[in-house]
Amino acid sequence: MTESMSKQNNPNFQNGKAWSEEMRLKAGERMVKRLLNNGYNKTDTRCHLALEKLLTSCGLRVQKEVVFPPFIVDCYVDDIYVAFEADSKIWHSKKRDRARDASILEKYKLPIKRFLDTDLLRKSSAEQIKAEIEKFALEYSDSAIARKEFASSLEQVNFTNTYPYSSKIFYSKTESR
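Conventions used here
Residues numbered from 1 in each chain as written. Predicted model: local features only at pLDDT ≥ 70, side-chain atom pairs only at ≥ 80, totals over all residues. Heavy atoms only, no water. Helix = DSSP H or I, 4+ residues; strand = E, 2+ residues; numbered from the N terminus. Buried < 20%, exposed > 50% of the residue type's maximum accessible area, 1.4 Å probe, protein only. Contact = heavy atoms within 4.5 Å. Areas by Shrake-Rupley, 256 points an atom, 1.4 Å probe, with all protein chains shown as cover. Salt bridge = Lys/Arg side-chain N within 4 Å of Asp/Glu carboxyl O. Arc of directions from axis to C-beta. Phe/Tyr/Trp six-rings, centres within 6.5 Å; stacked < 30°, edge-to-face > 60°. Lys NZ or Arg CZ within 6 Å of the ring centre and 35° of its normal.

(A) Up close: the overall build of the chain. Check the secondary structure of the chain and you find seven helices and eight strands. Counting across all 177 residues of the chain, residues that qualify as buried make up 41%. When contacts within the chain are restricted to residue pairs at least 6 apart in sequence, those whose partners lie at least 24 apart make up 59%. In the form shown here, the chain has an accessible surface area of approximately 10,500 Å², with 52% of it arising from carbon and sulfur atoms.

Now the structure itself:
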């Protein structure tokens, strides 16, 4: 696939140009509205299901597609207050994802671990990924209480009945809804 073809099929480009920060924020707001109206489900792709299976095999309780405005994380583990993402080379940009992760970490104190879809779908990678998951969980389990105390200062709106694939949406108290 050529670079121009990948940009052409990538929703983060418009007319061959990268989206501005304003466009990404508006897209995030639209995504949240679709989630609240039960109009979006990306949780059952093969790589998302593989990630969820690996997380649960490590004994973690996973919540799918949790919103941290203006972003959505693929898999959220409330017990240790961390998130996991399944990335593909077509839809994800390392630079943009690093900026997104830094923003979520700063605003919500939520660390994120990312895995490539090609690794998640390769059975020979399963044990290595499980080891990385366990190491990440262990690394952040000691600080989970402090980060959760911070999170408790954020207003939480439960919309389990509105959107069955997720259980929480987080808003900061200063953020308008």
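(B) Up close: the pattern of salt bridges. Summed over the entire model, instances satisfying the criterion amount to 11 salt bridges. Residue Arg100 pairs with Glu85 through a salt bridge whose shortest N-O separation is 3.7 Å. A residue pair is termed long-range when its members are at least 10 positions apart, and Arg100 in helix α4 (residues 94-108) and Glu85 in strand β5 (residues 82-87) qualify at 15 residues. In this structure Arg100 comes out as buried when scored by relative accessible area, which is 13%. On the basis of relative accessibility, which here comes to 2%, the residue Glu85 falls in the buried class. A salt bridge links Asp101 to Arg114; the shortest N-O distance between them is 2.8 Å. Here Asp101 is found in helix α4, whereas its partner Arg114 is found in strand β6 (residues 112-116), with 13 residues between them in sequence. This pair shows no difference in class: Asp101 is buried, exactly as Arg114 is. Three or more residues are tied together by salt bridges with common partners; here these are Glu85, Asp87, Asp97, Arg100, Asp101 and Arg114.

(C) Structural context of helix α7 (residues 144-152). Residues of α7 that are buried: Ala144, Arg147 and Ala151. Down the axis of α7, the sector holding all buried residues measures 70°, keeping them to one side. For α7, exposure combined with an orientation more than 90 degrees from the buried face picks out Ile145, Ala146, Glu149 and Ser152.

(D) Looking closely at the packing of aromatic side chains. Tallied over the full model, the rule gives five aromatic pairs. Look at Phe68 and Tyr108: their rings are 5.1 Å apart centre to centre, the planes differ by 75°, and that puts the pair in the edge-to-face class. On the criterion of sequence distance, the pair formed by Phe68 in strand β3 (residues 63-68) and Tyr108 in helix α4 is long-range, its members being 40 residues apart. As far as burial versus exposure is concerned, Phe68 and Tyr108 are alike and both buried. Among the aromatic residues, ring-to-ring pairing joins Phe68, Tyr76, Tyr81 and Tyr108 into one connected group. Above the ring of Phe150, the side-chain terminus of Lys109 is found at 4.9 Å from the ring centroid.

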